[in-house]
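Residue-level structure breakdown
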Amino acid sequence: MSAVSTSDTTIALEPLVDLARTVGREAAELVRERRPAGRVPVATTKSSPIDVVTEIDRASEALIRRRILDARPDDAFIGEEDEDVAGTSGVEWVVDPIDGTVNFVYGYPAYAVSIAARRDGEAVVGYVVNIASGEEWGAVAGGGAWRWAGEERIALAPPLPVEGTPVDLGSLLVGTGFNYSRSVREAQARAVAAMLPHVRDIRRGGAAALDLCAVADGRLDAYVEQGLKPWDLAAGSLIAAEAGLVVSGLDGPADERLTLVVAASRRREFLELVRACGF
Ligand code: LIP
């Protein structure tokens, strides 16, 4: 039984995994049931005219918030769409009720519920479900990462080159994404254009949580994005790390400035390329 021990308590992690999955599946089902045919109406925008929110984003977060805090009333809760809730238990839930909201609005089948539990600021449980496909991924700190096949957990085993293998950046399929701010997007476009000739190809899926699970599942070789929020990042970065990838920022932990995910044996060269391209 995986657990985390800190200064005061030991917390069993499996019950947190079970709660995250149960509630995440419920939220995904709510989103599927409520999604109308065609485009989803936008309720409002946030940081820019293309940073959209729907009533279904809000309903998904309300369900997740209610179900988790009913089960664990002393926990803290941070969600993308509503106010933070302080807690006393030391466990903090970080939730994106629909990651890939623009994809959701358009019906592009790459949007996810992302639920993480953090302890002392570090993710200890992560759960991501692709709402459109039903694919699910999970991870426990120190306990590995997996995809679910029904009730079975299939350990994630991305093809990680052994240390010392010559690094060929031209073989890398790299995921990335773009910010909602025009000025940031202009800089990101220049950086991606500079990177493209040096790698196999670029993929822009539109949902960070699914991009992080894609690297963990071997569907991408690396991922780099600027501007991710904690709820975009928390669950998927634990899944990627527990699958054996290195998750970092430019000069420290992954953060809003930059998230970079790659195999350890490629990190030095890939980081050099990221810097040279101006990410
Ligand atoms: C999205 C991220 C994606 C990023 C988008 C957006 P949202 O989150 O998951 O990686 O490129 O610009 O930030 O807004 O759909 O929850």
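Quick note: structure is the one above.
Described in the following lines is the structure provided in the data block.

A few words on the packing of helix H4 (residues 182-195) against helix H7 (residues 267-277). Remark: H4 packs on H7, axes separated minimally by 8 Å, with the N-to-C direction vectors making an angle of 130°. Of the possible angle classes, the one that applies to H4 and H7 is oblique. In the packing of H4 onto H7, the handedness of the crossing is right-handed. Facing H4, whose interface residues are Arg190, Ala191, Ala194 and Met195, H7 presents Phe270, Leu273, Val274 and Cys277.

Here the structure, examined in full by the defined rule, presents 22 salt bridges. In this structure, the salt-bridge partner of Arg203 is Asp201, at a minimum N-O distance of 3.0 Å. Residue Arg203 is classed as partly exposed on the basis of its relative accessible area of 40%. With a shortest N-O distance of 3.0 Å, Arg268 and Glu269 are connected by a salt bridge. Through salt bridges with shared partners, one network takes in Arg21, Arg25, Glu136 and Glu151.

Along the polypeptide, Asp211 turns up in helix H5 (residues 208-216). Although Asp211 is buried, it forms no salt bridge, and the closest oppositely charged side chain is Arg204 at an N-O distance of 5.2 Å. Residues contacting Asp211, with those up to four places away along its chain left out, are Thr176, Gly205, Gly206, Leu220 and Tyr223.

As paired strands, strand E10 (residues 144-149) and strand E11 (residues 152-155) are joined by four bridges and run antiparallel to one another. Looking across to E11, one finds that Trp148 is bridged to Arg153. The loop that links E10 with its antiparallel partner E11 comprises two residues; one of these, Gly150, has a positive phi angle of about 70°.

Quick look at the sheet that holds strand E16 (residues 259-262) now. The pairing of strands in a sheet comes from backbone hydrogen bonds and takes either a parallel or an antiparallel form. Strand order across the open sheet formed by five strands is E13-E12-E14-E16-E15, with mixed pairing between neighbours. Across the chains shown, the open sheet's two edge strands, defined by having one partner strand only, are strand E13 (201-203) and strand E15 (246-248). Averaged over all neighbouring strand pairs, the angle between strand axes comes to 20°, with direction disregarded. Where strand E14 (residues 222-225) and E16 come together, four bridges link them in antiparallel fashion. Residue pairing in the sheet places Ala222 in a bridge with Val262 of E16. The strands that H5 touches are strand E12 (173-176), E14 and E16; relative to E14, the one it contacts most, it runs at about 155°. The sheet strands contacting H7 are E12, E14, E15 and E16, and the helix crosses E16 at an angle near 145°.

Another aspect to go through is the site of the ligand. Lining the immediate environment of the ligand, one finds 16 residues, of which Asp99, Phe178, Tyr180, Ala208 and Glu225 sit closest. Note that an oxygen atom of the ligand is positioned 2.7 Å from one of the side-chain N or O atoms of Tyr180. A distance of 2.6 Å is found between an oxygen atom of the ligand and a side-chain nitrogen or oxygen belonging to Glu225. Relative to its unbound accessible area of 380 Å², the ligand is 94% covered by the protein chains.

Rules behind the numbers
Residues numbered from 1 in each chain as written. Predicted model: local features only at pLDDT ≥ 70, side-chain atom pairs only at ≥ 80, totals over all residues. Heavy atoms only, no water. Axes fitted to C-alpha atoms, helices over the stretch in contact; angles between N-to-C directions. Helix = DSSP H or I, 4+ residues; strand = E, 2+ residues; numbered from the N terminus. Parallel < 35°, antiparallel > 145°, perpendicular 65-115°, else oblique. Left-handed = near helix turned anticlockwise from the far one by under 90°. Contact = heavy atoms within 4.5 Å. Salt bridge = Lys/Arg side-chain N within 4 Å of Asp/Glu carboxyl O. Buried < 20%, exposed > 50% of the residue type's maximum accessible area, 1.4 Å probe, protein only. Lys, Arg positive; Asp, Glu negative; His and termini not counted. Pairing = 2+ DSSP bridges. Near = heavy atom within 4 Å. Polar contact = N/O pair within 3.5 Å; in protein donor to acceptor, adjacent residues only side chain to side chain. Areas by Shrake-Rupley, 256 points an atom, 1.4 Å probe, with all protein chains shown as cover.

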